[in-house]
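Structural characterization, general
Chain by chain, the residues run as shown.
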Amino acid sequence: MVNLAQSSPAEGEPLSLPAQIDPRITRLLRETGFIRALKSGFGGPVHLLFPEIFRDTISRFEDVLDQRALHYHLMFAKKANKAESFVQESALAGIGLDAATVEEAANAMANGIRPDHIGISGPAKSDILLALAAQQGFLIALDSPDELDRASFIARRVGRPLRALIRLTPESQEKSRFGIAAARLSLMLDRLDDGIQLEGLSFHLSGYSIPERAEAAFTTARLLLKLRQDFPNCRKLDIGGGLPVSYCRETDWQTFLDREQPGDFHGNKRFSGYYPYHQPHDGPSALAAILDTKPSGQTHSLAALLKETGIELLLEPGRALLDQAGITLFSVQGVKDRGDYGIITADGTSFSLSEQWFDSEFLPDPLLLPARPEAPSPYPASIGGVSCLDSDMLTWRKISFPQKPRRGDILCYPNTAGYQMDSNESEFHGLPLPRKIAVGLNAPDFTWCLDETYCAATAGIDIQG
Ligand SMILES: *Cc1c(COP(=O)(O)O)cnc(C)c1O
């Protein structure tokens, strides 16, 4: 990873938080003609997707699991991004997909995911989704005794048992509204009948503590081994998603946290908290650390336990699979100088950066791609959306741009594929939804196509040749 054209802030310099950017993307951003043509060709903001980076990340996850000789199944948590390209890549790589709605499951099938590779999580599922799951053989994570009864009834009507996991609420997540506490598990086991084929247990943790996740995995694995005596098909352990992404270097993040103050933000804006933008691990290395954890006083790692007992490990990463797999481009529509700093108006809204709607801010510095580069002359500016809401700010923080941004310059938000891009987008003010464009980075010349026409099987390949 490299930091494009920006270095860490020294004492007395404006606050900055340079994003770590994959070198392939850095190379793309230097192709200013290509970037400007794509941006102007589609009007409004555009999201650039990098399916090849997503594909590489899948391989890195698989390497971690293969090196430990585990029996496993990876599923991409679709809610983190709506693009078709990533689902296509998942299907081509042979991994599965975690969905929560009929729409997500149908989209997965349309893009080639095998039905038995589709997992369904989420709270009480709709009747239609439960029926579809029974018909197609999706693996459902049952959330409550009440849902289990309804699922079993529907599956018997459909005439096929429903493949199911039971979702547990880990002890450390007692505030979560999902799953059932292990102590109450018998409430569900007692209701099992021939409508349900129990295949294992699942949990999903928020927060990035590696010991906590390993601990929850051990506890659940032991419970699974006990259940196996009564339910011989019960051999899957689904440890959910929630693997980390590191957006920035540790020193930059620490400096940011130490130095940030109200004056760094437009309107002295304060937030209730921030995503931890630096992490010591990325997704695959966090997974390795979890698998290699040994409980205190024991000699066997989690990986060894899974391998010896033949437990199949299921994982549902969303954000971590999308690390570096997309960026978002806006144009500068105008700049208002307020004397001590500027307010940029971008050609879109903050709905294209979801973090802004969770009483927080997407902090990695946006990059300015100027139409006409000038000699460095730092200019601080915040970035507002084009709507009529005061709260529609893409960046409240006064970013220290290397030169004064001007109408027609491009602003690039890095690493937006995981949750930022599209979960909150709407046609507010009648604006069209921003387009998604899949960009090929590996060929000598960059290639692109609309996300909806992307085909992973032939991307970047000239099949005539
Ligand atoms: C959201 C979610 C995920 C994905 O979480 P990430 O933090 O994006 O990895 C996986 N499983 C379940 C059940 C979820 O709700």
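Residues numbered from 1 in each chain as written. Predicted model: local features only at pLDDT ≥ 70, side-chain atom pairs only at ≥ 80, totals over all residues. Heavy atoms only, no water.

The name given to the protein in an unreviewed UniProt entry is Diaminopimelate decarboxylase, and the organism recorded there is Aestuariispira insulae. Under Cofactor (unreviewed entry), UniProt gives the following word-for-word description of the protein: "pyridoxal 5'-phosphate". (UniProt positions renumbered as here; feature names shortened; annotations may be inferred.)

1. Observations regarding the packing of aromatic side chains
One pass over the structure, following the stated rule, counts 18 aromatic pairs. Taking 5.6 Å as the distance between ring centres and 75° as the angle between the ring planes, the aromatic pair formed by Trp253 and Tyr277 counts as edge-to-face. Here Trp253 is found in helix α10 (residues 250-259), whereas its partner Tyr277 is found in the loop between α10 and α11 (283-291), with 24 residues between them in sequence. Exposure remark for Tyr277: the relative accessible area of 1% places this residue in the buried category. Taken together, a centroid distance of 6.0 Å and an interplanar angle of 75° make the contact between Tyr277 and Phe362 edge-to-face. Separated by 85 residues along the polypeptide, Tyr277 in the loop between α10 and α11 and Phe362 in the loop between β11 (342-346) and β12 (367-369) bring together distant segments of the chain. (Phe/Tyr/Trp six-rings, centres within 6.5 Å; stacked < 30°, edge-to-face > 60°. Helix = DSSP H or I, 4+ residues; strand = E, 2+ residues; numbered from the N terminus. Buried < 20%, exposed > 50% of the residue type's maximum accessible area, 1.4 Å probe, protein only.)

2. Things to note about unusual backbone geometry
Although it is not a glycine, Asn268 adopts a positive phi angle of roughly 50°. You can see Asn268 is positioned in the loop between α10 and α11. Phi at Asn415 takes a positive value of approximately 50°, unusual for a residue other than glycine. With respect to the helices and strands, Asn415 occurs in the loop between β15 (410-413) and β16 (435-440).

3. Quick notes on the site of the ligand
Taken together, the neighbourhood of the ligand is formed by 13 residues, with Lys79, Gly242, Glu316, Arg319 and Tyr419 sitting nearest. In this structure, Glu316 approaches the ligand through a side-chain N or O atom, which is 2.5 Å from a nitrogen atom. Between an oxygen atom of the ligand and a main-chain N or O atom of Arg319, the distance comes to 2.9 Å. Surface burial for the ligand is 87%, taken as the share of its 390 Å² of free accessible area covered by protein chains. (Near = heavy atom within 4 Å. Polar contact = N/O pair within 3.5 Å; in protein donor to acceptor, adjacent residues only side chain to side chain. Areas by Shrake-Rupley, 256 points an atom, 1.4 Å probe, with all protein chains shown as cover.)

4. What to know about the UniProt feature "domain: Orn/DAP/Arg decarboxylase 2 N-terminal" (unreviewed entry) in the protein
Here, the residues flagged by UniProt with the feature "domain: Orn/DAP/Arg decarboxylase 2 N-terminal" (unreviewed entry) are residues 61-251. Measuring from the first to the last C-alpha atom of residues 61-251 gives 27 Å, for a span that is 39% helix and 17% strand.

5. A short note on the sheet that holds strand β6 (residues 162-167)
Hydrogen bonds between backbone atoms are what pair the strands of a sheet, whose relative direction is either parallel or antiparallel. Pairing in this closed barrel of 8 strands is parallel, and the strands run β2-β3-β4-β5-β6-β7-β8-β9 around the ring. Averaged over all neighbouring strand pairs, the angle between strand axes comes to 30°, with direction disregarded. Where strand β5 (residues 139-142) and β6 come together, 4 bridges link them in parallel fashion. The residue bridging Ile140 from the neighbouring strand is Ala164, located in β6. Each of β3 (96-99) and β4 (118-120) is contacted by helix α5 (residues 102-110), which is oriented at about 160° to β3, the strand it contacts most. With respect to the sheet, helix α7 (residues 145-158) is in contact with β5, β6 and β7 (196-202), its orientation differing from that of β5 by roughly 150°. (Pairing = 2+ DSSP bridges. Axes fitted to C-alpha atoms, helices over the stretch in contact; angles between N-to-C directions. Contact = heavy atoms within 4.5 Å.)

6. Some details on the pattern of salt bridges
Counted by the stated rule, this structure contains 21 salt bridges. For Arg406, the salt bridge goes to Glu374, with nearest N and O atoms at 3.1 Å. Of this pair, Arg406 sits in the loop between β14 (393-401) and β15 while Glu374 sits in the loop between β12 and β13 (379-384), and the two are 32 residues apart along the sequence. Across the pair Asp422 and Lys436 runs a salt bridge, and its minimum N-O distance is 2.9 Å. Here the residue Asp422 occupies a position in the loop between β15 and β16, and Lys436 occupies one in strand β16, the gap between them amounting to 14 residues. Judged by its relative accessible area of 2%, Asp422 falls in the buried class. (Salt bridge = Lys/Arg side-chain N within 4 Å of Asp/Glu carboxyl O.)

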